[in-house]
Structure formats: C-alpha cells, structure tokens
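Residues per chain are reported as follows:
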Amino acid sequence: MPRTPTVHYDRTRDRHYFTVSGRKYVRKNYADAVELLADLTADQRRSGSVECIAEMVELWFGKNCKKDNETTRWRLKPWWTFEGDVSLRTFGRDGLDRYLEHLKNNTDYAPKTIRDMMTIAGQVCRWGYTRKHLPELPLMPRLPKAPIGKKSITPKKLARMFKRFGSPKYDRVRSILEFIQGTGCRPSEARRPIWDEV
C-alpha cells in the first residue's frame, strides 16, 4: 500500500517540502505546504474525473477564485468554448498557439484583451501541469502588443487649432501650425527644425 505523503522540514534551508508522484514541492511556510499537499492529493483522487479542458478550467476556477469573479469567467469562456471538449492527453505543447490563432482570426478582441485571455489560459495550464492533469506544459506563444497611436495631426484637428489660436497673442503658435500644414511634418520636427532637414 502506498504511503501517504507528509510535509517535512529542512532545517539547513529553513523550508518545508513534500514529494507527490516523484515530484518535489518546496514552500517556505508550513501552512502553505500543508494546503498545497491537501489540494494535490485531493486532485489526484479526482484526477480520473478530469478529462477535458472545460473540466480543468472549472476545477481551476473553483480552487483559485474565492468569489465568483465574472471578469475571469468572461476571459476564460472563449477558451473552453473553443477547446473545451479537447482531451487533456492530446492538448499538447502547441495548444495555446491554436487558441491564440483562433482569437486573432475569428474574434474582434483588442490586443490587450487577447493578452489578458492568454495570460489566464497560461495560468490554468501551469496549474493543470503542476496537478498532473496535463502531461506536458504548453508553451506560451508570443502575444500581440497594442498598436501605438499616430503622432501626426489630422486636417480636422489642425482646423480646430487654427480657430482656437486666432488671436494676435498666438502668432508664434499659428506660424508653427501653418508650417506643419504646408510641409506635412510632425509637430516635434516643426518645433526643432534642423538646417540639414530643410
């Protein structure tokens, strides 16, 4: 009969550790180690019941979200609707790549929202890997960055600025605006012109 794992104390390194399924877990605090051990052994007893991504997401949500967090649930919903019925044994290292491609090509989410969704999916995968639900840890793909806004002035905005700076005390500002309108240069170039650029 297999022995029940227990938490041990390492005096030389001042830490607590235990081993489950040949894998060593280390925690600084005894209470944290006991809580993690209880979670791991409970998950191992239930591990036969977790078969697909949707079940793993629900189990993660029940363990890690103390209150019913609607934002987290909303960010996870596209993942379990897209790959919820995929078996954990066949999810593989490229599972998050497929999900990222799906979010980029088939949805209208902003890049920041996609980053948030992928980050939470990565957290769930790491949690599932440490609990032995996933056979291997999926690689986190390179996530999209938000586009940088344009720094040039549109004709509409330029017309509004001419109207606003119409009085004689704004002659210098108006001359810079006329220079921008006539040349099409950026505002920073108009403020600091260099002879080599003229």
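Residues numbered from 1 in each chain as written. Predicted model: local features only at pLDDT ≥ 70, side-chain atom pairs only at ≥ 80, totals over all residues. Heavy atoms only, no water.

Q: Can you walk me through the packing of aromatic side chains in this structure?
A: Any aromatic ring pair is given by two values, namely how distant the centres are and how the planes are angled relative to each other. The tally for this structure, following the rule as stated, stands at five aromatic pairs. Centre to centre, the rings of tryptophan 74 and tyrosine 109 are 5.8 Å apart; their planes meet at 85°, and the pair counts as edge-to-face. Of this pair, tryptophan 74 sits in helix H3 (residues 70-83) while tyrosine 109 sits in the loop between helix H4 (95-106) and helix H5 (111-130), and the two are 35 residues apart along the sequence. For tryptophan 74, a relative accessible area of 43% puts it in the partly exposed group. Where tryptophan 79 meets phenylalanine 91, the ring centres are 6.1 Å apart and the plane angle is 65°; that geometry is what we call edge-to-face. With tryptophan 79 in helix H3 and phenylalanine 91 in the loop between H3 and H4, this pair connects stretches of sequence that are twelve residues apart. Here tryptophan 79 falls in the buried class, since its relative accessible area comes to 0%. A relative accessible area of 1% means that phenylalanine 91 is categorised as buried. What links up through ring pairs into an aromatic cluster is the set Trp79, Phe82, Phe91 and Tyr99. (Phe/Tyr/Trp six-rings, centres within 6.5 Å; stacked < 30°, edge-to-face > 60°. Helix = DSSP H or I, 4+ residues; strand = E, 2+ residues; numbered from the N terminus. Buried < 20%, exposed > 50% of the residue type's maximum accessible area, 1.4 Å probe, protein only.)

Q: How do you make sense of the pattern of salt bridges when you look at a structure like this?
A: Side-chain pairs of opposite charge can arise whenever the charged atoms involved come near each other. Taken as a whole and judged by the stated rule, the model has five salt bridges. Glutamate 83 is the partner of arginine 98 in a salt bridge, and the nearest nitrogen-oxygen pair spans 2.9 Å. Highlighted residues: arginine 98 in helix H4 and glutamate 83 in helix H3, separated in sequence by 15 residues. The exposure class assigned to arginine 98 is partly exposed, which follows from its relative accessible area of 31%. The salt bridge partner of aspartate 116 is lysine 112, with a shortest N-O separation of 3.4 Å. With aspartate 116 and lysine 112 both in helix H5 and four residues apart, this pair spans about one turn of that helix. Residue lysine 112 is classed as exposed on the basis of its relative accessible area, which comes to 54%. Salt bridges sharing common partners tie together Arg75, Lys112 and Asp116. (Salt bridge = Lys/Arg side-chain N within 4 Å of Asp/Glu carboxyl O.)

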